[in-house]
Protein chains: 2
Amino acid sequence: MTATNKLLAGVELGGTKCVCILGTGPDDVRAVERLPTGEREETMRQIEAVLDRWRAQHGAPRALGIASFGPVDMRVGSPTYGYITSTTKAGWRNTDIAQRLGRRFGAPVGFDTDVNGAALAEGRWGAASNLDDFAYVTVGTGIGVGLIVRGKSIFGMNHTELGHIRVARKPGDSFPGICPFHGDCIEGLASGPAIEARAGRPASQLPPEHPAWEFVAHGIAQLLHTMVLTTAPSRIFLGGGVLSAQTHLFGRIQQELKRSLNRYVEAPELEQGIEQFIVPPGLGTMAGPLGALALAADAEAARAIASPLPTAASR
Amino acid sequence: MTATNKLLAGVELGGTKCVCILGTGPDDVRAVERLPTGEREETMRQIEAVLDRWRAQHGAPRALGIASFGPVDMRVGSPTYGYITSTTKAGWRNTDIAQRLGRRFGAPVGFDTDVNGAALAEGRWGAASNLDDFAYVTVGTGIGVGLIVRGKSIFGMNHTELGHIRVARKPGDSFPGICPFHGDCIEGLASGPAIEARAGRPASQLPPEHPAWEFVAHGIAQLLHTMVLTTAPSRIFLGGGVLSAQTHLFGRIQQELKRSLNRYVEAPELEQGIEQFIVPPGLGTMAGPLGALALAADAEAARAIASPLPTAASR
């Protein structure tokens, strides 16, 4: 452990895999390790083993960032702050993540949802670096949305859970949906497992002409319609396993969104061309892990503000 | 005109009526005048006549606040800043409001949507004075939502237009909706004119047992479901002509919302009882006009910050 170590450590805790990352940003990634997200105690121990090894090799990280699937408790001061709470993922309900890792590594811990982390990374290093209001949508195991308003992620009485809104259905789509809470919310209609349930085989095996994609594009466009009329992000990034593999969805979603909004919103961002408004993430598949590093950097900065060292200017 | 005049003037410009207000807050309202919202030039001249008369009687107001129906242009620096833009209200498209009144009265002008204004008034003087994240929904001529995040109204590439989201339809509801842009968006399904189109007579003449109310309550509950999962306000105020007259709707909306969320969100605000979460505005029907005063106060404060007078402390 060296006091001058500048490295940050991050963990993107996703529904199917975890990515541990060590570095300071996209141009300085020292190590990345991927693990499957399995049984919770085993998964947590594997994450700890990676971080232990990095600590032995590189010194203690200055801060730790955790970008987790949700729902999570983000209320500072709550006894279960930093926990995964009422998740649909079997065996992961009420799991301490941030407090446990913070105690083990004795470092400040930044904690947010995986999608808010990815959005913050796009804002810091990626395709949103000139924007204050934008959003990041991921379609994979679930559907998650990171919402940035005035440069920060939103937290009211809860974090954003836009993947669980109920949307207007496309006429002819009678699929009941698979969300155990809501049935046909957008996650229940258009996530990877929902597509597989619709089509009888995994999304990755469906050709672009499969009829399921029309319903998926319609549902995701409805999610975006709602977002445009709620916080009105200046750009929306679409990422995650399904969208990064099925690039044909972008054009369909863009056209469905245009049709649905029907020119109600007059904003240069829409009029310049929907192709510049609905875009893939600039950091690609690294948006998630880099989100964890962005959260670590924020935690480190917050500690620096809380107890500043004297500087030449202030002395 | 006196330099020591502390009075603020406000205009709530609504879809059916305008309310002009003079004062400094709910305990100091000096004058209120209501006008029908008619043809735009005539309406603007009537507003100007009221403000002219007040100026002659009480001196020039220190600042002016305008809380307007929308959509409006809130981009500071835009040539059409302070305009009503693509409204569905006949004859009011592209109407200069804030620049015109600002020039006439030579005072700083605060400008926001009517519902954001009402929400800000609830935060300053009403039932949200201990909250940073809350929302105000009005159901009347249209459906509008004021969204406050970290103490301020939201503006991304546009202001919030949640009244135009498309919601999941209640089974059995085949009403096509009346929104000229979207048909069955929530405004097209559950606003006052939509209720009249459903039932063949005005909302005010329908008894609580009329079947239209079930569909209206379901639609509004879907709007709230989306809001809970987007910015997650800590409390939601329901106001406007329809809701203030039809108090039976509150219980129905609360129960529909609970059923729809299905315990997915675990937050004390919901668990303490939905009756404390979905509530009437604390300022009642004065929330709108007081919103205009709140905007005037903010404009005055912003000018004070931009060019501070020397104070004892700073000299």
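Structure report, in brief.

1. Quick notes on the environment of Val 109 of chain A
Residues and elements named next belong to chain A.
- When you line up the elements, Val 109 lands in strand β7 (residues 109-113).
- Sequence-wise, Val 109 and Thr 43 are 66 residues apart; in three dimensions their C-alpha atoms are separated by 19 Å.
- Look past the residues within four positions of Val 109 in its chain and what remains in contact with it is Leu 64, Ile 66, Ala 98, Gly 102 and Ala 299.

2. Side note on the packing of helix α1 (residues 40-58) of chain B against helix α2 (residues 98-105) of chain B
Residues and elements named next belong to chain B.
- Interhelical geometry of α1 versus α2 gives an angle of 30° and a closest axis separation of 12 Å. Viewed along their axes, α1 and α2 adopt a mutual orientation that is roughly parallel. Pair α1 / α2 crosses with right-handed handedness. On α2, the residues touching Glu 41, Met 44, Arg 45, Ile 47, Glu 48, Leu 51, Asp 52 and Arg 55 of α1 are Arg 100, Leu 101, Arg 104 and Phe 105.
- Classifying every residue of the contact of α1 with α2 by side-chain character gives five nonpolar, no polar and seven charged.

3. Describing the environment of Glu 266 of chain A
- Structurally, the position occupied by Glu 266 of chain A is in the loop between α8 (248-261) and α9 (268-271).
- Considered as a pair, Glu 266 of chain A and Leu 295 of chain A are 29 residues apart in the sequence and their alpha carbons are 34 Å apart.
- A polar side-chain atom of Glu 266 of chain A sits 2.6 Å from a polar atom in the side chain of Arg 93 of chain B.

4. A word on unusual backbone geometry
- A cis amide bond links Gly 70 of chain A to the next residue, Pro 71 of chain A, at an omega of 0°.
- Mapped onto the fold, Pro 71 of chain A is located in the loop between β4 (63-68) and β5 (83-84).
- The phi dihedral of Asn 94 of chain B falls on the positive side, at around 55°, and the residue is not glycine.
- Structurally, Asn 94 of chain B is set in the loop between β5 (83-84) and β6 (95-96).
- The backbone of Arg 150 of chain B sits at a positive phi, close to 50°, despite the residue not being glycine.
- Residue placement: Arg 150 of chain B occurs in the loop between β9 (143-149) and β10 (152-153).

5. Looking at helix α2 (residues 98-105) of chain A
Residues and elements named next belong to chain A.
- The complete set of buried residues in α2 reads Ala 98, Arg 100, Leu 101, Gly 102 and Phe 105.
- As for α2, its buried residues are in contact with α1 (40-58), β4, β6 (95-96) and β7.
- Phi turns positive one or two residues past the end of α2, at Gly 106, with a value near 55°.

6. Here we look at the packing of aromatic side chains
All names here are of chain A.
- Inspection of the entire model under this criterion finds eight aromatic pairs over all chains.
- When the ring of Phe 69 is compared with that of Trp 92, the centres are 5.7 Å apart and the planes differ by 70°; the resulting orientation is edge-to-face. With Phe 69 in the loop between β4 and β5 and Trp 92 in the loop between β5 and β6, this residue pair connects regions lying 23 residues apart in the sequence. Considered together, Phe 69 and Trp 92 belong to a single accessibility category, that of buried residues.
- A cation over an aromatic ring shows up here: Arg 124 above the ring of Trp 125, its NZ or CZ 5.8 Å from the ring centre.

7. Thoughts on the relation of the copies chain B and chain A
- Mapping chain B onto chain A is achieved by rotating through 180° and translating by 0.0 Å along the same axis, at an RMSD of 0.0 Å. The superposition of one copy onto the other is thereby described by a two-fold rotation axis. Across chain B, the rotation axis passes nearest the C-alpha of Ala 168 of chain B, at a separation of 2.2 Å.
- Same-surface contact between copies: 100% of interface residues of chain B are shared with the interface of chain A.

8. Considering the sheet that holds strand β12 (residues 278-279) of chain B
All names here are of chain B.
- Strand order in this open sheet of five strands is β10-β9-β8-β11-β12, and the pairing throughout is mixed. Taken across any chain shown, the strands that pair with only one partner, and hence form the sheet edges, are β10 and β12.
- Bridge count between strand β8 (residues 134-139) and strand β11 (residues 236-239): four bridges; the pairing is parallel. Bridging across to β11, Tyr 136 finds its partner in Phe 237.

9. Observations regarding the interface of chain B and chain A
- Contacts between the two partners involve 50 residues from chain B and, on the opposite side, 50 residues from chain A.
- Regarding the contact of chain B and chain A, the summed buried area is about 4100 Å², with carbon and sulfur atoms giving 55% of it.
- Linking chain B with chain A are four salt bridges.
- The closest approach of N and O atoms between Glu 266 of chain A and Arg 93 of chain B, which form a salt bridge, is 2.6 Å.
- Here chain B is connected to chain A by 30 residue pairs in polar contact (both at pLDDT 80 or more).
- Looking at the side of chain B that touches chain A, the elements that each hand over two or more residues are β9, β10, α6 (212-228), α8 (248-261) and α9 (268-271) of chain B.

10. Focus on the pairing of β9 of chain B
Residues and elements named next belong to chain B.
- Across the seven residues of β9, seven count as buried, placing the element largely inside the fold.
- Neither face of β9 is left uncovered, since the one carrying Ile 143, Val 145, Leu 147 and Val 149 and the one carrying Gly 144, Gly 146 and Ile 148 both have all their residues buried.
- Where β8 meets β9, six bridges bridge the pair, whose relative direction is antiparallel. Within β9, the residue paired with Phe 134 across the bridge is Ile 148.
- Between β8 and β9, which pair antiparallel and follow one another directly, the connecting turn spans three residues.

11. Regarding the sheet that holds strand β9 (residues 143-149) of chain A
All names here are of chain A.
- Strands sit in the order β10-β9-β8-β11-β12 across an open sheet of five strands; the sheet is mixed. The open sheet has two edge strands with one neighbour each: β10 (152-153) and β12 (278-279).
- Its contacts with the sheet put helix α3 (residues 114-125) on β8 (134-139), β9, β10 and β11 (236-239), and the angle it makes with β9 is roughly 45°.

What counts and how
Residues numbered from 1 in each chain as written. Chains lettered and ligands numbered in written order. Predicted model: local features only at pLDDT ≥ 70, side-chain atom pairs only at ≥ 80, totals over all residues. Heavy atoms only, no water. Helix = DSSP H or I, 4+ residues; strand = E, 2+ residues; numbered from the N terminus. Contact = heavy atoms within 4.5 Å. Axes fitted to C-alpha atoms, helices over the stretch in contact; angles between N-to-C directions. Parallel < 35°, antiparallel > 145°, perpendicular 65-115°, else oblique. Left-handed = near helix turned anticlockwise from the far one by under 90°. Nonpolar A, V, L, I, M, F, W, Y, C, P; charged D, E, K, R; others polar. Polar contact = N/O pair within 3.5 Å; in protein donor to acceptor, adjacent residues only side chain to side chain. Buried < 20%, exposed > 50% of the residue type's maximum accessible area, 1.4 Å probe, protein only. Phe/Tyr/Trp six-rings, centres within 6.5 Å; stacked < 30°, edge-to-face > 60°. Lys NZ or Arg CZ within 6 Å of the ring centre and 35° of its normal. Least-squares fit on C-alpha atoms with pLDDT ≥ 70 in both. Pairing = 2+ DSSP bridges. Buried area = accessible area lost by both parts, 1.4 Å probe. Salt bridge = Lys/Arg side-chain N within 4 Å of Asp/Glu carboxyl O.

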